[in-house]
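Residue-level listing of the chains:
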Amino acid sequence: MPFNGEKQCVGEDQPSDSDSSRFSESMASLSDSECSRQSFTSDSSSKSSSPASTSPPRVVTFDEVMAAARNLSNMTLAHEIAVNENFQLKQDALPENSLASRVKHIVHQAFWDVLQSELNAEPPEYEHAIKLFEEIREILLSFLTPGGNRLRNQICEVLDTDLIRQQAEHSAVDIQGLANYVISIMGKLCAPVRDDDIRELKATNDIVEVLRQIFHVLDLMKMDMVNFTIRSLRPHLQRQLVDYERTKFQEILEETPSALDQTTGWIKESVNELLSLSETALTPGAENSSKPSLSPTLVLNNSYLKLLQWDYQKKELPETLMTDGARLQELTEKLNQLKIIACLSLITNNMVGALTEGLPELANRLKRISAVLLEGMNKETFNLKEVLNSIGVQTCVEVNKALVERGLSILNAEIQANLIAQFSSIEEEDNPIWSLIDKRIQLYMKSLLCLPSPQKCMPPVPGGLAIIQQELEVLGSQYANIVNLNKQVYGPFYANILRKLLFGEEAMGKADASSAN
């Protein structure tokens, strides 16, 4: 886990303010203070994006399912390219010593052995070699831009397979010369990262090995070209992402009416949770003729906060967050690690802080040790209690070492045992230290979601989290970016769901009254 990231600001690399305004417009009817409930009885919402319908369910055909799957695949790919600066395609590598890998090696080796025997024959057989040069020619031409007519004509002229066949019939073909020409063209077209590969090709004397490596390098160049195209498309996709994703999801919703079921359940769970908290907070014995009124913004923000405690292995994500599932899971795992580090630091300060005061390097060293030992803590095979015990032992060693350097006596056995025991107890359910740190981190993340859009800087970190402030701000920035983009894309869909969940009965009552009149 990196511990040297710079302080980031919320909203970086996000779509423009115009996109944010569209989300604000779609949620305007859900404003806490500007609109009344009457706005939720209007028919302005798109019927296809409603979370439920009064009409009977229709049969979804196989073609409609496939169309929805294609839309989801395209939307997911576009989203990943736009938001992930490190996104790139890589060649598939078969597992080493696997059956598929061995079969591939045997088949390829057989092909090149046949080519070797044909070129060594008397007279040589050139047909397979000519077909290889024909394929190489097409690959080289695919790398050219539309304006590269001069080089295109030169490649077609030199690698003219009809001419090469005529030369082969008269034993006048220069296979090595053709290979050298191909290598020179590859050197002009390849990315700088392939310069070493080109030099190795030039230094190879065996013609069959040269041809073999030419195809290998051409495959790498294809991948370089694809990734270059992706990088070129990214700024355009980032500008168009909100409208593109919303349109694609609307198409999915039209093909699959149940495509918002998980999202509706996710928001409904948050509504029920907030209603329960509101009812608990009411004065006992007070008369309440109606259920507490909830802010739609509060409900949606609370729903996003629940993602930070989501069980990504067992619980399915809402449909509107599928494209960010991997990022949210990674963020949650890192956040859990930071929670433990903050707990360990708080326990250490409470128990031996008076003795180690003025030693910031000790706190940083203990933080690095904890981070290393906690790597992989989200794996099922990870024994957290055992690791926490090890961190406790190592903490005692480091603290004693620092005390000796200052000419002080080391910690007595009782304090050391108590420190290790408190470290190990962090994993226990309802641990007070863990609960405290968790609440403060939730408060910090909630404050990020409540920031007005013009305000870019990070809010102050609550007390007790100073040891993880740098990392928490990085994760907070990433989390806020994910949430803000998600709100912009799916704001209209969330607005319709919230209308039904928060004001459905009232809306239906008004609708019935108007129809009766």
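All values reported here derive from a predicted model rather than from experimental measurement.

Cut-off values and rules
Residues numbered from 1 in each chain as written. Predicted model: local features only at pLDDT ≥ 70, side-chain atom pairs only at ≥ 80, totals over all residues. Heavy atoms only, no water. Salt bridge = Lys/Arg side-chain N within 4 Å of Asp/Glu carboxyl O. Buried < 20%, exposed > 50% of the residue type's maximum accessible area, 1.4 Å probe, protein only. Helix = DSSP H or I, 4+ residues; strand = E, 2+ residues; numbered from the N terminus. Core = buried A, V, L, I, M, F, W, Y, C linked by side-chain atoms within 4.5 Å. Contact = heavy atoms within 4.5 Å. Phe/Tyr/Trp six-rings, centres within 6.5 Å; stacked < 30°, edge-to-face > 60°. Lys NZ or Arg CZ within 6 Å of the ring centre and 35° of its normal. Axes fitted to C-alpha atoms, helices over the stretch in contact; angles between N-to-C directions. Parallel < 35°, antiparallel > 145°, perpendicular 65-115°, else oblique. Left-handed = near helix turned anticlockwise from the far one by under 90°. Nonpolar A, V, L, I, M, F, W, Y, C, P; charged D, E, K, R; others polar. Expected span 1.5 Å × (residues − 1). Polar contact = N/O pair within 3.5 Å; in protein donor to acceptor, adjacent residues only side chain to side chain. Bend = angle between axes of the 7 residues up to and from the residue. pLDDT = per-residue confidence, 0-100. Patch = residues over 30% accessible without salt bridge, like charges linked within 9 Å, V, L, I, M, F, W, Y side chains within 5 Å. Areas by Shrake-Rupley, 256 points an atom, 1.4 Å probe, with all protein chains shown as cover.

(A) View of the pattern of salt bridges. Scanning all chains against the criterion turns up 15 salt bridges. In this structure, Arg 137 engages Glu 138 in a salt bridge whose closest nitrogen and oxygen atoms are separated by 3.1 Å. Assessed through its relative accessible area of 14%, Arg 137 is described here as buried. Given the relative accessible area of 43%, Glu 138 is considered partly exposed. As a salt-bridge pair, Asp 438 and Lys 339 come within 2.6 Å of each other at their nearest N and O atoms. Residue Asp 438 is found in helix H16 (residues 432-449), and its partner Lys 339 is found in helix H12 (residues 325-356); the two are separated by 99 residues along the sequence. Neither residue differs from the other here; Asp 438 and Lys 339 are each classed as buried. One network of salt bridges, with partners in common, ties together Glu 269, Glu 273, Lys 306 and Lys 315.

(B) Representation of the nonpolar core in the model. Within the largest apolar cluster, 77 residues are counted, with the highest numbers of intra-cluster contacts made by Ile 267, Tyr 304, Leu 307, Met 445 and Tyr 479. Residue contributions to this core peak at 14 residues, all from helix H17 (residues 469-516). Aside from chain neighbours lying at most four places away, what touches Tyr 479 is Tyr 304, Leu 305, Leu 308, Leu 331, Met 445 and Leu 449. Ranked by size, the runner-up nonpolar core spans 39 residues in total, among them Tyr 126, Ile 198, Leu 211 and Phe 215.

(C) Region of the structure containing the environment of Leu 298. Within the element layout of this structure, Leu 298 appears in helix H11 (residues 296-306). Judged by relative accessible area, which is 32%, Leu 298 ranks as partly exposed. Sequence separation between Leu 298 and Ser 270 is 28 residues, and the spatial gap between their C-alpha atoms is 9.4 Å. Ignoring any residue separated from it by four or fewer positions in sequence, one finds Leu 298 in contact with Leu 274 and Lys 446.

(D) Region of the structure containing the packing of aromatic side chains. The tally for this structure, following the rule as stated, stands at nine aromatic pairs. Summarising the aromatic geometry, the rings of Phe 111 and Trp 112 are spaced 5.1 Å apart at their centres and angled 80 degrees between planes, so their arrangement reads as edge-to-face. A relative accessible area of 35% means that Phe 111 is categorised as partly exposed. Between Tyr 490 and Phe 493, the aromatic rings sit 6.2 Å apart at their centres with planes inclined by 50 degrees, giving tilted as the arrangement. Residue Tyr 490 and its partner Phe 493 are located together in helix H17, separated by three residues, close to a single helical turn. Accessibility classification places Tyr 490 together with Phe 493 in one group, the buried group. These aromatic residues form a ring-pair network of at least three members: Phe 249, Trp 266, Tyr 304, Tyr 490, Phe 493 and Tyr 494. Directly above the aromatic system of Trp 310 lies the positively charged group of Lys 315, at a separation of 4.3 Å from the ring centroid.

(E) Seen up close, the packing of helix H13 (residues 360-373) against helix H14 (residues 384-405). One way to put it is that H13 packs onto H14 with a least axis distance of 10 Å and a crossing angle of 155 degrees. When the axes of H13 and H14 are compared, the pair comes out roughly antiparallel. Every pair of crossing elements has a handedness; the one defined by H13 and H14 is right-handed. Contact residues: H13 offers Leu 362, Arg 365, Leu 366, Ile 369, Ser 370 and Leu 373, while H14 offers Val 387, Ile 391, Gln 394, Thr 395, Glu 398, Val 399 and Ala 402. Of the residues that constitute the contact of H13 with H14, the class distribution is eight nonpolar, three polar and two charged.

(F) Layout of unusual backbone geometry. Of note, the amide linkage connecting Glu 122 to Pro 123 takes the cis form, showing an omega dihedral of -5 degrees. Following the sequence through the fold, Pro 123 ends up in the loop between helix H3 (99-120) and helix H4 (127-142). One non-glycine residue, Asp 430, adopts positive backbone phi at about 60 degrees. You can see Asp 430 is positioned in the loop between helix H15 (413-424) and H16.

(G) Examining H15 more closely. Here H15 spans 17 Å end to end across twelve residues, near enough to the 16 Å set by a 1.5 Å rise per residue. The N-terminus of H15 is capped by Asn 412, whose side-chain oxygen sits 3.1 Å from the backbone nitrogen of Glu 414.

(H) Layout of H12. At Asn 350, H12 is bent by approximately 60 degrees, the largest bend along its length. A positive phi of about 85 degrees marks Gly 358, the residue just after H12.

(I) Main features of the confidence of the model for the protein chain. Averaged over all residues, the pLDDT of the protein chain equals 79, while 79% of them reach at least 70. Taken as a whole, residues 28-58 scores under 50 in pLDDT and shows 47 contacts with residues more than four places along the chain or in a different chain. Note on residues 511-517: pLDDT is under 50 here. Beyond four places in sequence and across chains, it has zero contacts.

(J) Representation of the environment of Ala 259 in the model. Examined against the element boundaries, Ala 259 turns out to sit in the loop between helix H9 (207-255) and helix H10 (261-281). The buried category is assigned to Ala 259, whose relative accessible area is 10%. Through-space distance from the C-alpha of Ala 259 to that of Pro 318 is 9.3 Å; in sequence the pair is 59 residues apart. When sequence neighbours within four positions are dropped, the list of residues in contact with Ala 259 reads Phe 249, Ile 252, Leu 253 and Glu 319.

(K) Quick look at a nonpolar patch on the surface. The grouping of Leu 99, Val 103 and Val 107 at the surface amounts to a nonpolar patch, some 280 Å² of accessible area in total. Secondary-structure assignment places Leu 99 in helix H3. Judged by relative accessible area, Leu 99 falls into the exposed class, the value being 59%.

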